[in-house]
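Structural description and commentary
As a plain string of letters, each chain reads:
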2 protein chains.
Amino acid sequence: MKKLYIIGMGPGDLNYLAPAARKALAASSDIVAYQLYLDLLGEVIADKQHHALDLGKEIERAELALNLAAEKQCVALVSSGDAGIFAMATLVFELLDKQPKAIWNDIDIEVIAGISALQLAASRVGAPLAHDFCAISLSDLLTPWETINTRIHAAAQGDFVIAFYNPVSKKRDWQLDHAKQVLLKHRPTDCPVIIARNLSRPDENITVTTLEKLDSTQVDMLTLVMVGNSETRAFAKGVYTPRGYSKKLQLETQA
Amino acid sequence: MKKLYIIGMGPGDLNYLAPAARKALAASSDIVAYQLYLDLLGEVIADKQHHALDLGKEIERAELALNLAAEKQCVALVSSGDAGIFAMATLVFELLDKQPKAIWNDIDIEVIAGISALQLAASRVGAPLAHDFCAISLSDLLTPWETINTRIHAAAQGDFVIAFYNPVSKKRDWQLDHAKQVLLKHRPTDCPVIIARNLSRPDENITVTTLEKLDSTQVDMLTLVMVGNSETRAFAKGVYTPRGYSKKLQLETQA
């Protein structure tokens, strides 16, 4: 059986590369990824064939990975974060579904989950994701703005902790401000906001501010913005969203 | 500096235990966790002092971890999944915030993220989490049902992919059916639903069904239920939520 691994390598720091991902990389002859991720993997894939395609070449990268897997025995397509969350895995399945090629038929696809940016950002400041949360991409390149806006309003009304992916880009600078204004109608002005830039890279920078003070000019595409819910608290030791445990009720969930 | 690591060990399969988590466990003298997780960690923590407290003893477990960290140099508190997602980390911060003890003052707290159930469930079937998603716990032990119900409606209106944690328990069997009825007003009857039971355990069982056919009697507390959005597709090779890549637009997000 031919094999295509779709691997989430986590935030970049190899301390978050799961053993499952490492084994899958070791089993693969060829690694397809954006060049930065090949560089970050470094020694882990030193003896492999590398295939780098630029940002913007996502369809080509997915297609190349499938074609290589059809030709060779075992190939890996690598995303940062979790390959299944705002990343490459879905594109492979979309190609298989909508533009299938006969040579792809006998490829076994295996997705290997990785730590996504919202998790690392949360862990750096405490436990802001401890209650119901959502992830919203503010990029309108692939999603109509109306859909995104509906989700911002829904997340505000539902009082979800929100992780905004792709919050701001050079060409797109007003969506985060809009989201802030919508959220200010539902949450306190001092609602904690986490601005996590270049997570796990040498220049990682994490700041905790408030919804009122959230300044979109401090945010770019390499930043994840997380907004607490109406109960999220920031104090000297960190930021957390309470689950109500202090009510001392019996707990039936995971421990 | 005294240290308390709060570690997400992932779903149980040590192939998802991050090197960062393994190093933190190695550095710790004492491990505090529910007994099952101590058993799953096995050899990794064979030479450590173990402290198991039963389910329901979450406050006691967090307090014990803090007290041990105050007494010793380095201690680890372990959750399954991601310690920050519906798990133990928030309770430590809540104790530090609301019931601080002087002996806890000089403890450095470090949270280490792990793979959460929604990620492993998604990876097992394809890429259902590839667009905006949310996580909702249906347990009303710590959250008023009105809050949960508001979130179900908000998630339905926002067309989020939804991961339901704690979907059903022995005493609580109607909330998932209620959520199903709410979602059926907003999504197609054939909207893909993933039922993931005992993830990464020897008896792991994953089925893909539809919203219409979702049967809550097949679901228990060890199950994660994931409902696709209105565009999620199930086909022979898996389940995925398209991001619109096939429109061949330039992509500014992570690759």
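Residues numbered from 1 in each chain as written. Chains lettered and ligands numbered in written order. Predicted model: local features only at pLDDT ≥ 70, side-chain atom pairs only at ≥ 80, totals over all residues. Heavy atoms only, no water.

Some details on the interface of chain A and chain B
- Facing the 94 residues of chain A at the interface are 94 residues of chain B.
- Counting the surface lost from both chain A and chain B, the interface buries some 8500 Å², and carbon and sulfur atoms represent 55% of this.
- Our count for the chain A to chain B interface comes out at 6 salt bridges.
- Residue Asp-97 of chain B is joined to Arg-233 of chain A by a salt bridge in which the shortest nitrogen-to-oxygen separation is 2.5 Å.
- Summed over the shared surface of chain A and chain B, the result is 35 residue pairs in polar contact (both at pLDDT 80 or more).
- Sorting elements by how many residues they give to the side of chain A that touches chain B places helix α4 (residues 89-98) of chain A first, with 8 residues.
- Counted by class, the side of chain A that touches chain B contains 46 nonpolar, 30 polar and 18 charged residues.
- Sheet analysis places strand β7 (residues 133-137) of chain A next to strand β7 (residues 133-137) of chain B, joined by 3 bridges and oriented antiparallel. By the bridge assignment for β7 of chain B, Phe-133 of chain A is matched with Ala-135 of chain B. (Contact = heavy atoms within 4.5 Å. Buried area = accessible area lost by both parts, 1.4 Å probe. Salt bridge = Lys/Arg side-chain N within 4 Å of Asp/Glu carboxyl O. Polar contact = N/O pair within 3.5 Å; in protein donor to acceptor, adjacent residues only side chain to side chain. Helix = DSSP H or I, 4+ residues; strand = E, 2+ residues; numbered from the N terminus. Nonpolar A, V, L, I, M, F, W, Y, C, P; charged D, E, K, R; others polar. Pairing = 2+ DSSP bridges.)

A short note on the relation of the copies chain A and chain B
- Expressed as a screw transformation, the operator carrying chain A onto chain B has a rotation angle of 180° and an axial translation of 0.0 Å, and the superposed copies differ by an RMSD of 0.0 Å. This pairing of chains is accounted for by a two-fold axis. Scanning chain A for the C-alpha nearest the rotation axis identifies Cys-134 of chain A, at a separation of 1.9 Å.
- Looking at the interface residues of chain A, 100% of them are also at the interface in chain B, so both copies use one shared face. (Least-squares fit on C-alpha atoms with pLDDT ≥ 70 in both.)

By themselves these figures say nothing about function.
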